[in-house]
Amino acid sequence: MRPLVPWMTKSDPAILEFFEEVGIAMPPAVVSYNLDGVSHPTVKRRLPILVDHGLLEKVDTNRGYYEITDRGRSYLEGELEATDLERDE
């Protein structure tokens, strides 16, 4: 089962699932265009947060492309505990 932590929104799993399903690096506009019910501003706001927690990686800074990480895949597979998703500060 996937843990839910306070910093996550209901959009985050949908975003991660889309990256996993497609399997390629994408900019926010492509993600939001293809996700029903998740607006472009929401995707743009959430991607950096998912990067901060190691679930996505920004692979092209100039063009703004992201891709899912192994940690993101582990989250989707339910292999992470809630404490694993908190920031190490």
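Residues numbered from 1 in each chain as written. Predicted model: local features only at pLDDT ≥ 70, side-chain atom pairs only at ≥ 80, totals over all residues. Heavy atoms only, no water.

S.K.: What is the right way to look at the overall build of the protein chain in this model?
M.R.: Each helix and strand in the protein chain was counted, giving 4 helices and 2 strands. Counting helices and strands in the order they occur from the N terminus, the protein chain gives α-α-α-β-β-α. Taking 12 Å as the expected radius of gyration for a compact globule of 89 residues, we find that the protein chain reaches 12 Å, a close match to that expectation. Put simply, the protein chain has 89 residues, and 40% of those count as buried. Put simply, of all contacts in the protein chain between residues at least 6 apart along the chain, 55% involve residues at least 24 apart. Taken as a whole, the protein chain presents about 5400 Å² of accessible surface, with 48% of it coming from carbon and sulfur. Here the protein chain holds 10 positive side-chain charges and 17 negative ones, and the gap between their average locations is 8 Å. (Helix = DSSP H or I, 4+ residues; strand = E, 2+ residues; numbered from the N terminus. Rg over C-alpha atoms; globule rule 2.2 N^0.38 Å. Buried < 20%, exposed > 50% of the residue type's maximum accessible area, 1.4 Å probe, protein only. Contact = heavy atoms within 4.5 Å. Areas by Shrake-Rupley, 256 points an atom, 1.4 Å probe, with all protein chains shown as cover. Lys, Arg positive; Asp, Glu negative; His and termini not counted. Charge placed at Lys NZ, Arg CZ, Asp CG, Glu CD.)

S.K.: Help me understand the nonpolar core, please; the structure alone is not making it clear to me.
M.R.: As a rule of thumb, nonpolar side chains are buried together in soluble globular proteins. The biggest cluster of nonpolar side chains holds 22 residues, and the ones touching the most others in it are I15, L16, F19, V31, L55, Y75 and L85. Those elements that provide at least two residues to this core are α1 (11-22), α3 (40-52), β2 (65-68) and α4 (70-76). In terms of residue count, α1 provides more of this core than any other element does, 4 residues in total. (Core = buried A, V, L, I, M, F, W, Y, C linked by side-chain atoms within 4.5 Å.)

S.K.: Please clarify how the pairing of β2 should be interpreted in this entry.
M.R.: Regular strands place their side chains on alternate faces of the sheet. Of the two faces of β2, the one holding Y66 and I68 is buried and the one holding Y65 and E67 is not buried anywhere. Connecting strand β1 (residues 56-60) to the next strand, β2, in antiparallel fashion are 4 residues, including G64 with a positive phi near 75°. (Pairing = 2+ DSSP bridges.)

S.K.: Any chance you could explain the side chain of T69 here in plain terms?
M.R.: Along the chain, T69 turns up in the loop between β2 and α4. A polar atom in the side chain of T69 sits 2.6 Å from the backbone oxygen of G54. If we skip the residues at most four places from it in the chain, T69 touches G54, L55, L56 and E57. (Polar contact = N/O pair within 3.5 Å; in protein donor to acceptor, adjacent residues only side chain to side chain.)

S.K.: I keep staring at α3 and nothing clicks. Help me out?
M.R.: Residues lying three or four places apart along an α-helix face the same way, a consequence of the helix completing one turn every 3.6 residues. A rise of 1.5 Å per residue sets the reference length of α3, with its 13 residues, at 18 Å; its end C-alpha atoms lie 19 Å apart and thus fit the reference within 8%. All buried positions along α3 are accounted for by T42, V43, R46, L47 and L50. Structurally, α3 contributes buried residues whose contacts are with α1, α2 (28-34), β1 and β2. With its phi angle positive at about 75°, G54 sits one or two positions after the end of α3. (Expected span 1.5 Å × (residues − 1).)

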